[in-house]
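Notes for the structure review
Okay, here's what each chain looks like letter by letter:
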Amino acid sequence: MYTLGDRLSRSPFFILQMPTKAVFLVEPMKKQHILFIVICALVPLIGNAQAVRSGTENVLTPIADDLIRIEDRVEISAPVDGDVIAIGTEVVVRGNVHGDVLAVGRHVTIAGSVSGNVRVVAEKILISAGVGRNVTVVGREFHIADAAVIENNVHYLGYRLIMDGNIKGSLRGESSIADVNGSVGENLRINSDALTLGERAVVGGSLAVTSDVAPVLRDGASVRGATERHDPVSDTRTDRSVVFVFGRFISLFSILLIGLVVIHIFRRPAFAIVSAM
């Protein structure tokens, strides 16, 4: 039996080893920041299978509507003509989704194409297929594979980023270690202790990195716009644009997910109350 302290110690705020610019943890917190902490606290609960049903569900039949699943392991192998909301220790989306994907878990894999947005909070995340709109991810490790094509922008907050795919918009985020060996159509803006652009890396716009050290550009790496490096600023009044980006969707996303967990756990009492009304 894990205590609350044990669960929080396993939450992404301890796992991620976030860069020092994520100062909102020690400052008076806004509503979205508090909700974000609640979401991260849900991840270890999911890992211990205390907030979800134990078992595995593999969706093999095409779904002509939105799909919501809360299981220990969720695997979606059939196409979904709507949005997908999935919570589990492991979430795997193999079927094509004609809508958005919202997922929370320890490991989340998006291997089927998504026509809308992808929003994920997890320890490890892999995207290896096309995404029609934007990608927003919070997690310890985020890998965008070779086959992935992101039509718009990517925002990431975490410990390690591995980008081998194709982002047609901009890449923006905060990552202690960032390895970019794919293409970014527009600008690359990142706070990172160790940014490396590999030999296949192409940045169509400008590169701006906030770091104590200069980024490493391997032979063959290309940046078509200006390259800037800024020293980290310890002042807590510094620009927190990365946090703001996540704050826009976290408040709604967290309320939705917490509501789903509560409904799932207290399903019978809730139905009894509704029936009596």
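This write-up is about the structure you can find in this document. (Residues numbered from 1 in each chain as written. Predicted model: local features only at pLDDT ≥ 70, side-chain atom pairs only at ≥ 80, totals over all residues. Heavy atoms only, no water.)

Our focus in this paragraph is the overall build of the chain. Of the regular secondary structure elements, the chain holds 5 helices and 18 strands. Within the span of the chain, comprising 277 residues, buried residues form 48% of the whole. Restricting the contact set of the chain to residue pairs at least 6 apart, pairs at least 24 apart contribute 19%. If you sum the accessible surface of the chain, you get close to 12,900 Å²; carbon and sulfur atoms cover 53% of it. (Helix = DSSP H or I, 4+ residues; strand = E, 2+ residues; numbered from the N terminus. Buried < 20%, exposed > 50% of the residue type's maximum accessible area, 1.4 Å probe, protein only. Contact = heavy atoms within 4.5 Å. Areas by Shrake-Rupley, 256 points an atom, 1.4 Å probe, with all protein chains shown as cover.)

This paragraph deals with the environment of I190. Take I190: it is sitting in strand 12 (residues 188-191). With a relative accessible area of 4%, I190 lands in the buried category. The residues touching I190, leaving out its near neighbours within four places in the chain, are L161, G173, E174, S175, A178, L195, A208, V209 and T210.

Moving on: the packing of aromatic side chains. The final tally for this structure, using the stated rule, is 1 aromatic pair. Ring plane angle 50 degrees and centroid distance 5.4 Å describe the contact between F142 and Y156, whose orientation is recorded as tilted. Taken as a pair, F142 in strand 6 (residues 135-144) and Y156 in strand 8 (residues 154-163) lie far apart in primary sequence, 14 residues in all. (Phe/Tyr/Trp six-rings, centres within 6.5 Å; stacked < 30°, edge-to-face > 60°.)

What follows covers the sheet that holds strand 11 (residues 183-184). With parallel pairing, the 5 strands of this open sheet are ordered in space as 7-9-11-14-17. Strands at the two margins of the open sheet, each flanked by one partner only, are strand 7 (149-150) and strand 17 (222-223). Here strand 7 runs beside strand 9 (residues 166-167); their pairing, made up of 2 bridges, is parallel. Of the residues in strand 9, the one forming a bridge with V149 is N166. (Pairing = 2+ DSSP bridges.)

Note that every value here comes from positions in space, so none of it alone points to a role or purpose.
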